[in-house]
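Inside the fold
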Amino acid sequence: KHGVRDVLRQLGIQAENAAYSTGLHWGGAQNAKTRTILAPADGQRLATVAMATAEDYDQVVKTAQEAFKTWRLMPAPKRGEIVRQIGNKLREYKEPLGKLVSVEMGKILQEGYGEVQEMIDICDFAVGLSRQLHGLTMHSERPAHRMYEQYHPLGIVGIISAFNFPVAVWSWNAMLAAVCGDVCIWKPSEKTPLTAVAVQHIIREVLEANELPEGIFNLVIGEAEIGAAMAADGRVPLVSATGSTRMGRKVGEVVGARLGRALLELGGNNAIILTKNADLDMAMRAIVFGAVGTAGQRCTTTRRLIIEDSIYEEVKNRLLTIYPKLPIGHPLQEGTLVGPLIDGDAVKGFSDALTKVQEEGGKLLTGGQVLSGAEYHGGHYVQPAIVEAENHYHMVQEETFAPILYLIKYSGGVDNAIELQNGVKQGLSSSIFTLNMREAEAFLAQAGSDCGIANVNIGTSGAEIGGAFGGEKETGGGRESGSDAWKVYMRRQTNTINYSDQLPLAQGIKFDV
Ligand code: UN1
């Protein structure tokens, strides 16, 4: 009833038999393992996709290696021109692609569109970047010598993406990699391969129109073993992985063992600090979007609220009036703010976390039910939960990828709140709501938030693409998207040129033969 078939048709999706794509061609073994993709909203069968084999993967790597030889020779601004065209195609397909994101992943339509907008934005950013892949020049200590540095294409970039941002996070990596002269191999989450298939179809139009070779943008659909193969593969100099800390640790260890580069963007356990100087109307909007937006399935989701004791009851009461009224339902339905979780396992994770945190002493204040009934039939809906808890609880220390918000009380100054905020293993996003500049600046200073993202009077989620995105500690340390995140996609070279007729040695060393 929500026109899913039309969306797939509009995007030219023939997902069956599509285990891999080299941009221009699709392939896969006849008798390959398959996986059926069901819509998280209603269990509707969307498509069945074939899973790539180890041979398929190897074939794709070889094609990518060939493509790299020509792609790296194209001037960067010309590569930017290709990315510009991809951005324009995404503008053309924003409506159906955004809808497919919503259907396959379960986020509400507004967020589905937002995700495609994020792709368009990074394309624009990458186009500009294609003329700004700057290195520095230095003054040599030796006469008539010139020193500078330059950045060269790196090679194949392996991209492992997660179900929750099935296409945007790929684009952060792929569009930067593309202007940097790299080719990429994308292993999407096995839960959301259809949006990836759709994107490959869109990209193909640009590759064909420009008569580019196959192998620049590759897709390999498969289970975890494809990611593992990429991590171990010396032909892949950079592996960029987004997902759980458990997955990222494995990838990081394997890539590290071969001294390759890993860009890791892993779990978050993001907190908002509310001091008594907060504008609570603003804070409420940020909290609710951060905690229940995308049904709590963003790596930047607000999981903890650290509240000054004097305003604790007021904040709690305001949330307790909002939460029971949250419009939960089909993500394509207008007015819905909370869609389903991705699958049954996620629902189980949500319920188990609530059971365990209560065993530890947490107090469930609202929500927590798994929703059944006609309007939820076939879907994975839950009632977002609020739990009064303490920061050291085992479950509070973990990232549960579901809408659970822990309320934590603090007293005695902002430093105590910051200590709680930093008192977890993850370090992705953080925020403070205060109109007091001393508190705000303390939060941003060197003894303040230890996260990769620290915001004032803005929530933890919904970052713009212009900044570097990523976090510290178990979040993995990688930075994607804006600022100078592009540098990890290139190899850096320092060059010293002697235009004198002497050969002076650095450090004044005398070495006459
Ligand atoms: C993620 O959840 O992996 O900042 C990415 C945000 C989005 C990206 C989230 N722009 O919430």
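Look above for the structure.
For the structure given in this document, a descriptive report is provided here.

About the criteria used
Along each chain, residue indices are assigned from 1 in the same order as the chain's sequence is written. Side-chain atom pairs in this predicted model are given and counted only at pLDDT of 80 or more, local residue features only at pLDDT of at least 70, and totals for whole chains, interfaces and linings cover all residues. With hydrogens and water stripped out, all remaining heavy atoms of the structure feed into the side-chain values. Numbering of helices and strands runs from the N terminus; a helix is a DSSP stretch of H or I covering at least four residues, while a strand is a stretch of E covering at least two. Here the radius of gyration uses the C-alpha set of atoms, whereas the globule reference equals 2.2 Å times the residue count to the power 0.38. Burial status follows relative accessibility: with a 1.4 Å probe on protein chains alone, a residue under 20% of its type maximum counts as buried, one over 50% as exposed, and anything between as partly exposed. Any residue with a non-hydrogen atom lying within 4 Å of a molecule or strand is treated as near it. Counted as a polar contact is a pair of N or O atoms within 3.5 Å, where, for protein atoms, one must be capable of donating a hydrogen and the other of accepting one, and residues adjacent in sequence contribute only when both atoms are in side chains. Only the protein chains shown count as cover for residues, with accessible areas throughout obtained via the Shrake-Rupley method and a probe of 1.4 Å. Here the expected span of a helix is defined as 1.5 Å times the quantity of residues minus one. This arc is built from the directions going out from the helix axis to the C-beta atoms. Residues count as neighbours in contact if any of their non-hydrogen atoms are within 4.5 Å of one another. Residues qualify for a patch when their relative accessible area is over 30% and they have no salt bridge, like charges being joined within 9 Å and the nonpolar side chains of Val, Leu, Ile, Met, Phe, Trp and Tyr within 5 Å. The term salt bridge refers to a side-chain nitrogen of Lys or Arg lying within 4 Å of a carboxyl oxygen of Asp or Glu. Fitting a line to C-alpha atoms yields each axis, with helices limited to the stretch in contact; the angle taken between N-to-C directions then spans 0 to 180 degrees. Each angle is binned into one of four classes, with values under 35 degrees roughly parallel, values over 145 roughly antiparallel, values of 65 to 115 roughly perpendicular, and all other values oblique. By definition, any crossing whose near helix is turned counterclockwise from its far helix by less than a right angle is left-handed, and any crossing with a clockwise turn is right-handed. Under this grouping Gly is polar, as are all residues other than the nonpolar Ala, Val, Leu, Ile, Met, Phe, Trp, Tyr, Cys and Pro and the charged Asp, Glu, Lys and Arg. Any Phe, Tyr or Trp ring, taking Trp's six-membered ring, that has another such ring centre within 6.5 Å forms a pair; planes under 30 degrees apart are called stacked, those over 60 apart edge-to-face, and the others tilted. To qualify as a nonpolar core, a set must consist of buried Ala, Val, Leu, Ile, Met, Phe, Trp, Tyr and Cys residues joined through side-chain atoms within 4.5 Å. Pairs of strands are assigned from DSSP output, requiring at least two bridges between the strands. By definition, disulfides here are pairs of cysteine sulfur atoms that lie within 2.5 Å.

1. Some words on the overall build of the protein chain
A tally of helices and strands in the protein chain yields 15 helices and 23 strands. Relative to a compact globule of 513 residues, whose C-alpha radius of gyration would be 24 Å, the protein chain shows 24 Å and is just as compact. For the protein chain, the C-alpha atoms occupy an extent of roughly 80 × 60 × 40 Å along the three principal directions. Counting over 513 residues, the protein chain shows a buried share of 56%.

2. Some details on the site of the ligand
Around the ligand, the neighbouring residues are E118, N164, F165, W172, E265, R298, C299, T300, S461, G462, A463 and F469. In the model, an oxygen atom of the ligand is placed 2.9 Å from a nitrogen or oxygen of the R298 side chain. A distance of 2.6 Å is found between an oxygen atom of the ligand and a side-chain nitrogen or oxygen belonging to T300. Relative to its unbound accessible area of 320 Å², the ligand is 99% covered by the protein chains.

3. Remarks on helix α11 (residues 309-322)
For an α-helix, 3.6 residues make a turn, and residues three or four places apart therefore share a direction. For α11, with 14 residues, the first-to-last C-alpha span of 21 Å sits near the 20 Å given by 1.5 Å per residue. Buried residues of α11: I311, Y312, V315, K316 and L319, and no others. Taken end-on, α11 shows its buried residues confined to a sector of 145°, consistent with a single buried face. In this structure, the buried side of α11 is in contact with β12 (270-274), α10 (280-292), β13 (302-308), β14 (363-366), β15 (385-388) and β16 (404-410).

4. Side note on a nonpolar patch on the surface
A contiguous nonpolar patch, built from L503, L505, I509, F511 and V513 and spanning about 630 Å² of accessible area, is present on the exposed surface. For V513, a relative accessible area of 100% corresponds to the exposed category.

5. Regarding the packing of helix α4 (residues 94-105) against helix α7 (residues 193-209)
Where α4 contacts α7, the two axes come as close as 9 Å, and the packing angle between them is 165°. Comparing their axes, α7 and α4 come out roughly antiparallel. With respect to the hand of their crossing, α4 and α7 are arranged in right-handed fashion. In this structure, α4 contributes L97, L100, V101 and E104 to the contact, and α7 contributes P193, L194, T195, A198, V199 and I202. Partitioned by chemical class, the residues of the contact of α4 with α7 number eight nonpolar, one polar and one charged.

6. Thoughts on the packing of aromatic side chains
The geometry of an aromatic ring pair is captured by two quantities: the separation of the ring centres and the angle between the planes. Under the definition given, this model contains six aromatic pairs. Pairing F163 with F401 gives two aromatic rings, centres 5.9 Å apart and planes at 80°, and the pair type is edge-to-face. Pair noted here: F163 is in the loop between β7 (156-160) and α6 (168-179) and F401 is in the loop between α13 (394-397) and β16, with a separation of 238 residues, a long-range link. For F163, a relative accessible area of 11% puts it in the buried group. Here the aromatic rings of W170 and F217 are separated by 6.5 Å at their centres, their planes lie at 65°, and the arrangement is edge-to-face. Of this pair, W170 sits in helix α6 while F217 sits in strand β9 (residues 217-220); the two residues are 47 residues apart in sequence, bridging distant segments of the chain. F217 gets classed as buried once you look at its relative accessible area, which sits at 1%.

7. A short note on the nonpolar core
The biggest cluster of nonpolar side chains holds 103 residues, and the ones touching the most others in it are L11, I86, L97, W170, M175 and F217. Residue contributions to this core peak at 10 residues, all from α6. Setting aside residues no more than four positions away along its own chain, M175 makes contact with V83, I86, I122, C123, A126, W170, I203 and F217. The next biggest cluster of nonpolar side chains, apart from the first, holds 60 residues, and it includes A41, I307, A353 and I404.

8. Here we look at the pattern of salt bridges
Across all of its chains, the model carries 25 salt bridges by this definition. Between K69 and E66 there is a salt bridge whose closest N-O contact spans 2.9 Å. Here the residue K69 and the residue E66 both occupy positions in helix α2 (residues 54-71), the gap between them amounting to three residues, near one helical turn. Judged by its relative accessible area of 43%, K69 is partly exposed. The exposure class assigned to E66 is partly exposed, which follows from its relative accessible area of 49%. E190 is the partner of K187 in a salt bridge, and the nearest nitrogen-oxygen pair spans 3.2 Å. The exposure class assigned to K187 is buried, which follows from its relative accessible area of 4%. Given a relative accessible area of 21%, E190 falls into the partly exposed group. Through salt bridges with shared partners, a single ionic network connects D58, K62, D233 and R235.

9. Let's talk about the sheet that holds β12
Overall, mixed pairing links the seven strands, which are arranged β14-β15-β16-β13-β12-β18-β19 in an open sheet. Because the sheet does not close on itself, it has two edges, and the strands there are β14 and β19 (453-456). In this sheet, adjacent strand axes meet at a mean angle of 25° when their direction is disregarded. As judged from the five bridges shared by β13 and β16, these two strands associate in the parallel manner. Paired with R304 across the bridge in β16 is Y406. The sheet strands contacting α11 are β12, β13, β14, β15 and β16, and the helix crosses β13 at an angle near 135°.

10. Focus on the state of the cysteines
Across all of its chains, the model carries zero disulfides by this definition. Residue C123 stays outside any disulfide, its sulfur separated by 12 Å from that of C184, the closest cysteine. Using a relative accessible area of 1% as the deciding quantity, one classes C123 as buried. No disulfide involves C451; its sulfur sits 12 Å from the nearest other cysteine sulfur, which is in C299.

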